[in-house]
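Observations on the model geometry
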Amino acid sequence: MSYGIPSAEPSAQVPVCPRHPDRPSYVRCQRCGRPACPDCQRAAAVGFQCVDCVNETRRTTPEVRSVYGGAVATGKPLVTYGIIAACVVVYALQMLIPGDWVYKQFAYNNIFAAPQYGAFEPWRMVTSAFLHSTDSLLHILLNMYTLWIFGQALEPILGRVRFLALYLISAFGGSVGYLLMNPVLVPGQGLVGLVGASGAIFGLFGAMLLVQRQRGGDTRQLWVLIAINGVIGFLIPHIAWQAHLGGLITGGLCAAVLAYTPRGRRQGLLQALGLAAVFALLVAASWVRVTL
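Since we're looking at a predicted model, the values are computed, not measured.

1. Here we look at a nonpolar patch on the surface
- Together, V89, L93, M95, L96, I97, W101 and F106 make up an exposed nonpolar region whose accessible area comes to about 660 Å².
- Where the nonpolar patch is concerned, the elements lending two or more residues are α2 (78-96) and α3 (101-106).
- For the nonpolar patch, the leading source of residues is α2, giving four residues.
- Counting through the fold element by element, L93 comes out in helix α2.

2. Some remarks on the packing of helix α5 (residues 137-158) against helix α6 (residues 160-180)
- Axis separation between α5 and α6 bottoms out at 7 Å; the angle between their running directions is 135°. It follows that α5 is oblique to α6 by the angle criterion. Note on packing geometry: the crossing formed by α5 with α6 is right-handed. Of the residues in α6, those in contact with L147, G151, L154, E155 and L158 of α5 are R160, R162, F163, L166 and Y167.
- Of the residues assigned to the contact of α5 with α6, the class counts are six nonpolar, one polar and three charged.

3. Here we look at the confidence of the model for the protein chain
- Averaged over every residue, the pLDDT of the protein chain is 85; residues scoring 70 or more account for 88%.
- Here helix α1 (residues 51-60) is the element of the protein chain with the lowest mean pLDDT, 78, and α2 is the one with the highest, 96.
- Segment residues 1-11: pLDDT under 50, and zero contacts once partners within four positions in sequence are set aside and those in other chains are kept.

4. Let's talk about empty space enclosed by the protein
- The full count for this structure, using the stated rule, is one cavity of 30 Å³ or more.
- One number sums up the size of the largest cavity: a volume of about 40 Å³.
- Every residue along the wall of the largest cavity is listed here: C17, P18, R19, R34, P35, A36, C40, C50 and D52.
- Of the residues assigned to the lining of the largest cavity, the class counts are six nonpolar, no polar and three charged.

5. Description of the UniProt feature "transmembrane region" (unreviewed entry) in the protein chain
- UniProt's entry tags residues 78-97, 129-151, 163-185, 191-210, 222-239, 245-261 and 268-288 with the feature "transmembrane region" (unreviewed entry), counted in the numbering of this structure.
- When the span residues 78-97 is considered, its composition is 95% helix and 0% strand, and the gap between its end C-alpha atoms is 28 Å.
- Between the first and last C-alpha atoms of residues 163-185 the distance is 34 Å; the span itself is 78% helix and 0% strand.

Reading the values: the criteria
Residues numbered from 1 in each chain as written. Predicted model: local features only at pLDDT ≥ 70, side-chain atom pairs only at ≥ 80, totals over all residues. Heavy atoms only, no water. Patch = residues over 30% accessible without salt bridge, like charges linked within 9 Å, V, L, I, M, F, W, Y side chains within 5 Å. Areas by Shrake-Rupley, 256 points an atom, 1.4 Å probe, with all protein chains shown as cover. Salt bridge = Lys/Arg side-chain N within 4 Å of Asp/Glu carboxyl O. Helix = DSSP H or I, 4+ residues; strand = E, 2+ residues; numbered from the N terminus. Axes fitted to C-alpha atoms, helices over the stretch in contact; angles between N-to-C directions. Parallel < 35°, antiparallel > 145°, perpendicular 65-115°, else oblique. Left-handed = near helix turned anticlockwise from the far one by under 90°. Contact = heavy atoms within 4.5 Å. Nonpolar A, V, L, I, M, F, W, Y, C, P; charged D, E, K, R; others polar. pLDDT = per-residue confidence, 0-100. 1 Å grid on protein atoms, 1.4 Å probe; cavity = no way out; pocket = protein on both sides within 12 Å on 5 of 7 lines; lining within 4 Å. Points joined across faces, edges and corners; volume = space filled by probe spheres on them. UniProt positions renumbered as here; feature names shortened; annotations may be inferred.

Set out below in structure tokens:
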């Protein structure tokens, strides 16, 4: 009697990651069941999911939006931190580059908004908000601290894009306020530049005041804060209270657009048109002022 020699059973196939076929993986996605290598694993509520399932979930999950139409900004207020970082970097450049070069290139004076004087550089009406006086460290410290406080409150509820638009338009509005309430050129007076984020900060004051009122919150402390800062502008020399007032009004107008636009599919478009209208109004007021 002869006995056959049993053949070896085929070995089980080693599972590999679909995105990286050269990598064996014994961990499977909890959603689709496919193997996932360590680079393609994403922690889930239970176990792991593969990166493809995570991306698919993000695409199909509706984006959470605030009542003002902006995407809910969870985590750190990145725009606020970005503006603070930009101001700090520019301040360092002001200190390091000799000859006041940064100041001369980006500070604002009304003559730079008047084409008839041959120095038409209107972008300075915004860039000046990122400069601060190098003679006083307190200037930038107070502005950045206030921006940090109000940015943390406004950016999450408005959304990052809307908050950035509010800040920049308010900065522009502060320069417009200075332009409207000061002569374009004073004979015999040197060219004194306007610097500082105070106009934009007052814009945040105005926006917070209106948002608080629209949400039914208490606004008394805000009124006191605005009054104190407004009075300081008259008591301490070399403070442009006109920029404070211009920023305050502009911030209130921008916040009114964001807060009172009806909710719906066209909310974002209407808000963009409203903010553009505020900007256009500021441009028109500036043009009328310098052409009189």
